[in-house]
Every structure is written in C-alpha cells, then in structure tokens.
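In case you want the letters, here they are:
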Amino acid sequence: KGREMKTTRISSAGKARIKAAARQLVTLAGGLESAEMVCRASKTSLHRYTQPGDDQHIPADVLADLEADVGDPIVTRVLAALAGYQLVPAGPAGDLPGAAPMLAALRLEAEMGAFSGAVVEMEADGRRDPWELDLSLAKLRAVITAAQRTEDMLYRLRRPGADQGGGS
C-alpha cells in the first residue's frame, strides 16, 4: 500500500506574516538588486517571495544567505513563532557581561527607530494594509528582543564579580 500524504497548511495570516518578513529582509538587505548579490535568487524571484498574492515563498538557503547578510533572523523568527516557539540568541556572544550598556542602548534605540519608521510608513497613505501591519509587528518584535537582551545584560552586570567597568 502506498503512503497517505498528510499536508499541514499554514493559515493565510501566517503566510502573510512570512511574506511581510521576507519583504522586510529584502529591504534591509538593500533592496532587490543588493539582495540578489548575496543569494542565488534573481530579483524577479526575490520580488515574488515578498508579494502577498504570490504562492512562491523564500527557499531556506536564500533565507539563510539574506539573514546572514543582514545579521538578523527576521523570517526565521516568524517561522519559529508560527511553530509556537520564540527565537532567542544563542550563548554569551558580545551582548553579555563585558558588553557596554551604551552599545545596548544604541541598539535598542536603532530598533525603536526602525519600528517608528514602519508605523509612519504604514500611516502615510491613510490605509493599514495587512503586510504593513505585519512589518510593524516584526519591527516591534525586534524592539522587544533588543530590550530583552539589554535587560539580560544589565542583570548579569549586577551579579557579584561581574565586570562593572564603564569602558576603557
């Protein structure tokens, strides 16, 4: 007997979130032409991966290349959320005890600026398209992640014996 094939479908709202995150990723990679230079996908394919009405979605290797280029797992974070997980940074890289609180504050400020920019763009034409709302939510998630990293670093600095220096 042949195997029955089960398919699990992502909701249309979930697909819209993936498309919005892919659009944000391509934008942060410098647009279609710049993104094309760091992955195997053409500008035409990249455009399709970001369009709400198109059934084509970004392949894993293209996603990995673009997220590595941008330095932020934008689409991966959405995929994790759709699977019921929260993506958190691995290990104590440069953001933990030895990192300067000023650098963390600047990163948080940059994420807030990106979120504010997405909201301003969404409101500019008087309409709130679903992909604009998804982009704003993705930017807000980045603010929350940066705030959580900053909070974690500050709590670690409070520990006895932690580096309390103000920098060199």
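Residues numbered from 1 in each chain as written. Predicted model: local features only at pLDDT ≥ 70, side-chain atom pairs only at ≥ 80, totals over all residues. Heavy atoms only, no water.

Caption draft 1: Region of interest: empty space enclosed by the protein. All chains considered together, the criterion is met by 1 cavity of 30 Å³ or more. Of the pockets and cavities examined, the largest cavity occupies roughly 30 Å³. For the largest cavity, the full set of lining residues is Ala118, Glu121, Met122, Trp131, Glu132, Leu135 and Ser136. Taken together, the elements giving at least two residues each to the lining of the largest cavity come down to helix H6 (101–124) and helix H7 (130–158). The element contributing the most residues to the lining of the largest cavity is H7, with 4 residues. (1 Å grid on protein atoms, 1.4 Å probe; cavity = no way out; pocket = protein on both sides within 12 Å on 5 of 7 lines; lining within 4 Å. Points joined across faces, edges and corners; volume = space filled by probe spheres on them. Helix = DSSP H or I, 4+ residues; strand = E, 2+ residues; numbered from the N terminus.)

Caption draft 2: Up close: the environment of Gly14. Examined against the element boundaries, Gly14 turns out to sit in helix H1 (residues 12–28). Taking the C-alpha atoms as reference points, Gly14 and Leu82, separated by 68 residues in sequence, lie 6.8 Å from one another.

Caption draft 3: Structural view of the packing of H1 against helix H3 (residues 43–50). It is the contact of H1 with H3, at a shortest axis distance of 7 Å, that shows an interaxial angle of 140°. Considering their axes alone, H1 and H3 lie oblique with respect to each other. Packed against H1, whose contacting residues are Lys19, Ala22, Arg23 and Val26, the element H3 presents Leu46, Arg48, Tyr49 and Thr50 at the interface. Class assignment for the residues of the contact of H1 with H3 results in 4 nonpolar, 1 polar and 3 charged. (Axes fitted to C-alpha atoms, helices over the stretch in contact; angles between N-to-C directions. Parallel < 35°, antiparallel > 145°, perpendicular 65-115°, else oblique. Contact = heavy atoms within 4.5 Å. Nonpolar A, V, L, I, M, F, W, Y, C, P; charged D, E, K, R; others polar.)

Caption draft 4: Focus on the nonpolar core. By size, the foremost hydrophobic cluster in this structure holds 18 residues, and its most contacted members are Leu25, Leu46, Ile58, Val62, Leu66 and Val75. Every element with two or more residues in this core is listed here: H1, H3, helix H4 (60–70) and helix H5 (74–82). Looking at which element gives the most residues to this core, the answer is H1, with 5 residues. Sequence-distant contacts of Ile58, that is, excluding residues within four places in its chain, are made with Leu25, Tyr49, Leu63, Leu66 and Val75. (Core = buried A, V, L, I, M, F, W, Y, C linked by side-chain atoms within 4.5 Å. Buried < 20%, exposed > 50% of the residue type's maximum accessible area, 1.4 Å probe, protein only.)

Caption draft 5: Region of interest: H3. Of the positions making up H3, those classed as buried are Leu46, Tyr49 and Thr50. Buried residues in H3, looked at end-on, bunch into an arc of 95°, giving them a common side. Summarising the contacts, the buried residues of H3 are in contact with H1, helix H2 (32–36) and H4. (Arc of directions from axis to C-beta.)

Caption draft 6: Quick look at the pattern of salt bridges. On inspection of all chains with the given rule, the structure shows 6 salt bridges. Arg40 is paired through a salt bridge with Asp61; the nearest N and O atoms lie 2.6 Å apart. Remark: Asp61 occurs in helix H4 and Arg40 occurs in the loop between H2 and H3; sequence separation between them is 21 residues. Judged by its relative accessible area of 56%, Arg40 is exposed. (Salt bridge = Lys/Arg side-chain N within 4 Å of Asp/Glu carboxyl O.)

Caption draft 7: Geometry of a nonpolar patch on the surface. The grouping of Ile10, Leu79 and Leu82 at the surface amounts to a nonpolar patch, some 220 Å² of accessible area in total. Within the fold, Ile10 resides in the segment before H1. According to the relative accessible area criterion, Ile10 is partly exposed, its value standing at 40%. (Patch = residues over 30% accessible without salt bridge, like charges linked within 9 Å, V, L, I, M, F, W, Y side chains within 5 Å. Areas by Shrake-Rupley, 256 points an atom, 1.4 Å probe, with all protein chains shown as cover.)

Caption draft 8: Representation of the confidence of the model for the protein within the structure. Here the protein averages 82 in pLDDT, and 83% of its residues register 70 or above. Mean pLDDT values for the elements of the protein range from 84 in H7 up to 96 in H3. A low-confidence stretch, residues 92–97 (pLDDT under 50), is modelled with 11 contacts involving residues beyond four sequence positions or located in other chains. (pLDDT = per-residue confidence, 0-100.)

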